[in-house]
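Chain residues, written in single-letter form:
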Amino acid sequence: QVQLVESGGDLVQPGGSLTLSCRVYGFTLDYYAIGWFRQAPGKERAGVSCFSSRDGLSYYDDSVKGRFTISGDNAKNTMYLQMNSLKLEDSAVYYCATVYPWYGSDCPSPSEYKWWSQGSQVTVSS
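Every chain is numbered on its own, with residues counted from 1 as its sequence reads. Totals for whole chains, interfaces and linings use all residues, but because this is a predicted model, local features are given only for residues with pLDDT of at least 70 and pairs of side-chain atoms are given and counted only at 80 or more. Note: side-chain values were computed over all heavy atoms of the structure, leaving out hydrogens and water.

> Any chance you could break down the packing of aromatic side chains for me, citing the residues and the numbers?
Aromatic contacts are taken between Phe, Tyr and Trp rings whose centres are within 6.5 Å, Trp giving its six-membered ring; a plane angle under 30 degrees counts as stacked, one over 60 as edge-to-face, and the others as tilted. Here the structure, examined in full by the defined rule, presents 5 aromatic pairs. Here Tyr31 and Tyr103 contribute two aromatic rings whose centre-to-centre distance is 5.3 Å and whose plane-to-plane angle is 55°, an arrangement assigned as tilted. Of this pair, Tyr31 sits in the loop between strand S3 (18-25) and strand S4 (33-39) while Tyr103 is found in the loop between strand S9 (92-99) and strand S10 (115-116), placing the two residues 72 residues apart along the sequence. Between Phe37 and Tyr113, the ring centres sit 5.3 Å apart and the planes meet at 85°, which makes this aromatic pair edge-to-face. Of this pair, Phe37 sits in strand S4 while Tyr113 sits in the loop between S9 and S10, and the two are 76 residues apart along the sequence. Under the scheme applied here, a residue whose accessible area is under 20% of the maximum for its type counts as buried, over 50% as exposed, and between as partly exposed, the area being computed with a 1.4 Å probe on protein chains only. Residue classification places Phe37 among the buried positions, given a relative accessible area of 6%. Only DSSP runs of H or I with at least four residues qualify as helices, and only runs of E with at least two residues qualify as strands; both kinds are numbered from the N terminus onward.

Right, dumping it as structure tokens:
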């Protein structure tokens, strides 16, 4: 059974950094896609970043480009979202999601992700 366990959410000051982890249980990270999403109160869930293993390509929403970095550690079956220069508007519940197998070089649409994490609260506040 596939399970995603997310950790790392916290309260951080504007300009600070935070790393979210997404540990994948149930399959080995090979030919997959991982996506990070966030949902702020009163807003729809939005894609933040994604990674496709086929060509090792990463994609970022314009709102986080240059500040967030998606990465992975296959040995630990874990994906990460490094968030730097955090802004007030980055506050949200963050989710990781995955689909396996995934042979595309692009990102899946949100409906194509099969498994989701429980979510992790990130609050940016002074």
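There is more to say after this.
> Got a sec to walk through the pattern of salt bridges? Specific residues and values, please.
Any carboxyl oxygen of Asp or Glu within 4 Å of a side-chain nitrogen of Lys or Arg constitutes a salt bridge here. A full pass over the atoms with the stated rule returns 3 salt bridges. One salt bridge connects Arg38 with Asp90, and the closest N-O pair in it is separated by 2.9 Å. Of the two residues, Arg38 sits in strand S4 while Asp90 sits in the loop between strand S8 (78-83) and S9, which places them 52 residues apart along the sequence. Judged on exposure class, the residue Arg38 and its partner Asp90 are both buried. The salt bridge involving Asp62 is made with Lys65; its shortest N-O contact spans 2.9 Å. One network of salt bridges, with partners in common, ties together Arg38, Arg67 and Asp90.

> Outline the nonpolar core, listing residues and values.
For the purposes of this section, nonpolar cores are sets of buried Ala, Val, Leu, Ile, Met, Phe, Trp, Tyr and Cys residues that join through side-chain atoms within 4.5 Å. With 26 residues, the main nonpolar core has Trp36, Phe68, Leu81, Met83 and Tyr94 as its most contacted residues. Breaking this core down by element, the ones donating at least two residues are S3, S4, strand S5 (46-52), strand S7 (68-73), S8, S9 and strand S11 (120-124). Tallying contributions element by element places S3 first for this core, with 4 residues. Judged by nonpolar contacts, the second largest core, of 7 residues, contains Ala33, Ala97, Trp102 and Tyr113.

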